[in-house]
Amino acid sequence: MRRHATSLAALLALAACHGQPPSPPTDQALQQAAHSGREALNFDHPNQAVTQYRHAFSLALARDDAGAIADLGYDLAVAQLAAGDAAPALATVLRTRAALRARNAPAFAGLDLVQAAALHHLGADRQADTLAALAQSDPATRVQASRLRGRIAAAHDDQAGLSAAIAALGTPKHPIPDWQSGHDELSARLDLLRGNYARAAASAESAAAIQRTQLDYRDMAGSLALAALATQRGGNASAAADLYLQAGESAAARGDTTTARPWLEQAEGPGATPATAQAARTTLQQK
């Protein structure tokens with residue numbers, strides 16, 4: 001009976017096709033896991049995104065699908081970076097590269113970029129800069145790679161490297177928000193190194209405003225903290241404390257307490273108004 005039922009089901013499926021060859025089935029489980037990962041990352045829930053993308057990546061390996069392995073390995077590494085897990089992100093990139101190599105499939109610039117970002121977070125800036133330079137050659141990753149190289153240069157007080165990163169961004173005829181925020185951020189970092197504190201603060205706040213409209217709250221908080229540092233060095237401790245509070249509250253609200261703490265501590269430091277200092281203390285106590 002089971003054999004008859006199976007045969008009948010197959011016949012019905014063929015009849016439904018009206019003589020046309022059936023479409024290959026889609027891997028619904030893989031698609032759902034990948035979709036859930038994207039949704040979690042879009043709503044700034046990186047830990048949930050990691051769980052979903054890890055499952056999707058495993059399904060891609062089970063499927064032996066080089067394209068899905070490449071895409072989901074990259075997505076998983078990005079989610080791990082967003083969750084503050086640079087070492088696992090690096091491990092994911094290396095595993096993805098090995099899986100692609102075993103299938104005679106090429107790597108791509110996105111993997112260079114995310115590996116460079118992971119290495120930068122781990123303090124391996126020389127290796128990170130080398131990989132980011134490779135990612136600059138691809139138009140799809142040029143802006144983010146140039147921004148990363150600029151951040152690395154700024155961390156080492158390298159004005160020439162920072163200027164080169166800004167130049168690598170180019171001057172598009174119709175600038176997109178990602179380009180503009182990257183240009184403003186790197187310009188702020190360069191002005192900070194040169195002692196042009198007011199201009200640095202203005203550029204950093206401009207970057208933060210663009211990142212806010214793009215829902216990029218992680219980088220927005222970083223730009224606010226950069227504006228705070230420039231304002232602080234410019235001698236306006238009260239305004240700097242307000243900016244540190246904004247950055248710290250944003251990071252804390254997203255659950256990034258490691259990043260939020262030093263900013264909130266700055267917000268309750270010398271020069272802060274009583275209200276700003278109290279708000280910072282309250283946020284610190286809640287976290």
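Definitions and cut-offs
Residues numbered from 1 in each chain as written. Predicted model: local features only at pLDDT ≥ 70, side-chain atom pairs only at ≥ 80, totals over all residues. Heavy atoms only, no water. Helix = DSSP H or I, 4+ residues; strand = E, 2+ residues; numbered from the N terminus. Buried < 20%, exposed > 50% of the residue type's maximum accessible area, 1.4 Å probe, protein only. Contact = heavy atoms within 4.5 Å. Expected span 1.5 Å × (residues − 1). Arc of directions from axis to C-beta. Axes fitted to C-alpha atoms, helices over the stretch in contact; angles between N-to-C directions. Parallel < 35°, antiparallel > 145°, perpendicular 65-115°, else oblique. Left-handed = near helix turned anticlockwise from the far one by under 90°. Nonpolar A, V, L, I, M, F, W, Y, C, P; charged D, E, K, R; others polar. Core = buried A, V, L, I, M, F, W, Y, C linked by side-chain atoms within 4.5 Å.

A. Quick peek at the overall build of the chain. The helix and strand tally for the chain stands at 15 helices and zero strands. Principal-axis analysis of the C-alpha atoms gives the chain an extent of 85 × 40 × 35 Å. Per-residue burial over the chain gives 41% buried out of 287 residues. Considering only residue pairs separated by 6 or more positions, the chain has 51% of its internal contacts joining residues 24 or more positions apart.

B. Representation of helix H15 (residues 274-286) within the structure. Over its 13 residues, H15 extends 18 Å from the first C-alpha to the last, a length consistent with the 18 Å expected when each residue adds 1.5 Å. Restricting attention to buried positions, one finds in H15 the residues Thr276, Ala277, Ala280, Thr283 and Leu284. Take H15 and look down its axis: the buried residues cluster within an arc of 130 degrees, on one side only. Along H15, exposed side chains directed more than 90 degrees from the buried face belong to Pro274, Ala275, Gln285 and Gln286. Next to the buried residues of H15 lie helix H13 (237-253) and helix H14 (257-267).

C. Looking closely at the packing of helix H8 (residues 142-155) against helix H10 (residues 177-194). Running from N to C, H8 and H10 point in directions that differ by 15 degrees, and their axes come no closer than 10 Å. Accordingly, the angle class assigned to the pair H8 and H10 is roughly parallel. Viewed along their axes, H8 and H10 form a crossing whose handedness is left-handed. Between H8 and H10, the residues in contact are Val143, Gln144, Ser146, Arg147, Gly150, Arg151 and Ala154 and Asp178, Trp179, Ser181, Gly182, Glu185, Leu186, Arg189 and Leu193, respectively. Of the residues that constitute the contact of H8 with H10, the class distribution is five nonpolar, five polar and five charged.

D. Structural context of the packing of helix H12 (residues 217-233) against H13. Between H12 and H13, the least distance of the axes is 8 Å, while the angle of their chain directions is 165 degrees. Classified by the angle their axes make, H12 and H13 are roughly antiparallel. Crossing geometry of H12 relative to H13 is assigned as left-handed. Counting all contacts with H12, which are made through Tyr217, Met220, Ala221, Leu224, Ala225, Ala227, Ala228, Leu229, Thr231 and Gln232, the residues of H13 involved are Ala239, Ala240, Leu243, Tyr244, Gln246, Ala247 and Ser250.

E. Representation of the nonpolar core within the structure. Grouped together as the largest cluster of nonpolar side chains are 40 residues, with contacts concentrated most on Leu72, Leu81 and Leu148. At the level of secondary structure, the elements contributing two or more residues to this core comprise helix H2 (28-42), helix H3 (46-63), helix H4 (66-82), helix H5 (86-102), helix H6 (109-121), helix H7 (125-135) and H8. With eight residues, H4 is the single largest residue contributor to this core. Beyond its immediate chain neighbours, meaning those up to four positions away, Leu72 contacts Leu30, Ala34, Tyr53, Ala56, Phe57 and Ala60. Within the second largest apolar cluster, 26 residues are counted, among which are Ala200, Ala201, Ala227 and Ala267.

F. Main features of the environment of Ala99. Along the chain, Ala99 falls in helix H5. A sequence separation of 29 residues divides Ala99 from Ala70, and the C-alpha atoms of the two residues are 8.5 Å apart.

G. Layout of the side chain of Thr276. Mapped onto the fold, Thr276 is located in helix H15. Excluding residues that lie within four positions of it along the chain, Thr276 makes contacts with Ala241, Asp242, Leu245 and Ala267.

H. Spotlight on unusual backbone geometry. Positive phi, close to 60 degrees, is recorded for Asp44, a residue that is not glycine. Its place among the elements puts Asp44 in the loop between H2 and H3. The class for Asp44 is partly exposed, based on a relative accessible area of 26%. You will see that Asp157, though not glycine, has its phi angle at about 55 degrees, which is positive. Within the secondary structure, Asp157 is located in the loop between H8 and helix H9 (159-169).

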